[in-house]
Amino acid sequence: MVSTARAPGKGRKSEVARYQMYIDGKFVDAAGGKTFDVYDPATEGVIATCPAGEAEDVDRAVQAAVRAFYGGWRSVSAQERGRVLFRLAERVRARRAELAELETINSGKPIVESEYDMDDTATCFEYYGGLATKINGEVLPVPADAIAMAMREPVGIAGQIIPWNYPLMMAAWKIAPALAAGCTVVLKPAEQTPLSILKLAEDFEAVGLPPGVVNVVTGDGPGAGAPLVAHPKVRKIAFTGSAEVGKLIMRSAADQLKRVSLELGGKSPNIFFSDADFENAVDGALFGTFINQGEVCSAGSRVLVQQDIYKKFVDAAAAKAKTIRLGPGVDRETKMGPLVSAEQRDRVASYLKVGRGEAKVAAGGGTPKEFDTGWYVEPTIFYDVDNGARIAQEEIFGPVMSVIPFRDEAEAIRIANESPYGLAAAVWTRDIFKAFRVVKSLEAGIVWVNHMQPTFVEAPWGGYKMSGFGRELGHWGVEEYLETKQVFINLDEKPIGWY
Ligand code: NAI
Ligand code: MG
């Protein structure tokens, strides 16, 4: 079974836990017997091994999901499906400390952030537990000799592929609405961070999930993700990750006209007018970009600042950025942990090099020297950035802010929308007229006024343009897992008389 992962820590001998994946209600190895290593980004040590799932394992999981769907889950009452989700939420709350610690050890993020993630995970299960009994059809106002209805039914077997930045929370965002709708699930976590969902899977049976309703197949993208997308019995793919893989998924899904929802990256503008509360604004720029090490799809990494406060703003933001405490996520004083992988650290470091050539550095700009181990990157602020620069157009997915000056409202809106992406945006001002004008002009799926990043499970989440399509959370989230069936009931005893 699954044993607890423990961070090796300096001088301590590392204890490598052997995890198995969860298929048809059982913890199992990959059919091919292969495994891959899972790391602690703060120590760079291997903390666990996981089965390297491949097409055969995906097929086993999908067949289990098919049996579970037709064998009963789709006819389990909405009340019971809701209760299962409530019990899952209770388990997350009961195991908050343990799951948060594991999440931090595996992903690098500060423990305090992991604890909030666990709360949001539980809230998501609860929300959809409640929503399960509110998925109503409609009766339509047709002429008196008929009744027409729209019935809602589950799509069937859902394939779900998630990233490594909010591992358990992303799993909840995907699993919870699918179960509320009556779907069964094959979930593939990111190969960097598969541990927390496998830990929670220990409780699946106890909360009343029949075997096969939720399966977790571990493995990498080409090995396990691609066969899941291509599997003919999977009716819907929900994906969060890079735009590059989003395109691959859409192409592959086209062969079977499979439904797809995509939550991809962004390069979200965070707009500061000179009438904004200055202290809040500086905090908001840092929080918007640096939370979770900047590994956030909605990171406000393009900071647009009005000219008359621009210099003062850059100086204040840089001074504060230099005080951000880096360290292992398990340390409660840590405000920024290491990035998730050596690969991600290298990707971000390569953008730091690009940025040094494209703009000026106000803070950071490299990898810190004070750590012997850990995939750290300095919180970095580039300024005098041209919006056409690569560091203003491409998603970096690390603690890197690009500050761009603007003159007036029209220019701010124009720069903000000059991006292939459209996930999120924020506007800071004390002028309510201006705030709402800007809100209406921005091409983004989520817009904050005088804040950036917090979100509610009740509210829709998703992007415009190349940030994808479909919406998660709220009642929109469950729509992605529902079919609509028109039912026509004839009340006319001689209805046809045509021939
Ligand atoms: P990725 O998009 O390659 O990985 C995300 C998930 O997709 C993982 O579970 C991965 O195994 C899976 N995957 C990869 N290739 C696949 C394929 N061919 N078929 C099916 N599934 C596949 O992201 P990666 O490589 O970890 O990070 C690269 C960049 O992507 C980041 O620097 C960032 O810009 C962006 N990203 C955006 C995220 C978001 O929340 N929107 C999350 C993670 C990454
Ligand atoms: Mg990738």
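Up top is the structure these notes are about.
Now for a look at the structure at hand. (Residues numbered from 1 in each chain as written. Chains lettered and ligands numbered in written order. Predicted model: local features only at pLDDT ≥ 70, side-chain atom pairs only at ≥ 80, totals over all residues. Heavy atoms only, no water.)

## Observations regarding the sheet that holds strand β5 (residues 45-51)
Operational definition: Two strands are counted as paired when DSSP detects at least two bridges linking them. What counts as a helix is a DSSP run of H or I of at least four residues, what counts as a strand is a run of E of at least two, and both are numbered from the N terminus. Whether two residues touch is decided by their heavy atoms; if any such pair falls within 4.5 Å, the residues are in contact. Only the stretch in contact is used when a helix axis is fitted, and all axes are lines through C-alpha atoms; the angle between N-to-C directions ranges over 0 to 180 degrees.
With mixed pairing, the three strands of this open sheet are ordered in space as β1-β5-β4. Strand pairing shows two members of the sheet lacking a second neighbour, β1 (17-18) and β4 (35-40), which therefore form its edges. When β1 meets β5, the two strands line up parallel, connected through two bridges. Bridge pairing links Ala-17 to Ala-48 in β5. Its contacts with the sheet place helix α3 (residues 96-107) against β4 and β5, and it is angled at close to 100 degrees to β4.

## Considerations on the sheet that holds strand β23 (residues 482-490)
Consider a sheet: its strands pair through backbone hydrogen bonds, and that pairing is either parallel or antiparallel. Pairing is antiparallel across the open sheet formed by three strands, whose spatial order is β6-β7-β23. Of all the strands in the sheet, just β6 (138-140) and β23 have a single pairing partner and so form its edges. Across the sheet, the axes of successive neighbouring strands diverge by a mean angle of 25 degrees, strand direction being ignored. As paired strands, β6 and strand β7 (residues 146-154) are joined by three bridges and run antiparallel to one another. Directly across from Glu-138, in β7, lies its bridge partner Ala-150.

## Points about unusual backbone geometry
This is how the line gets drawn: With a 1.4 Å probe rolled over the protein chains alone, any residue whose accessible area is under 20% of its type maximum counts as buried; one over 50% counts as exposed, and the rest are partly exposed.
At Asp-384, a residue that is not glycine, the phi angle is positive and equals roughly 55 degrees. For Asp-384, the position within the fold is in the loop between β16 (380-383) and α12 (390-393). A residue is classified by how much of its surface remains accessible, and Asp-384, at 33% relative accessible area, is partly exposed. Phi is positive for Gln-453, close to 110 degrees, though the residue is something other than glycine. When you line up the elements, Gln-453 lands in the loop between β20 (446-449) and β21 (464-465). On the basis of relative accessibility, which here comes to 11%, the residue Gln-453 falls in the buried class.

Nothing here speaks to function; it is all geometry.
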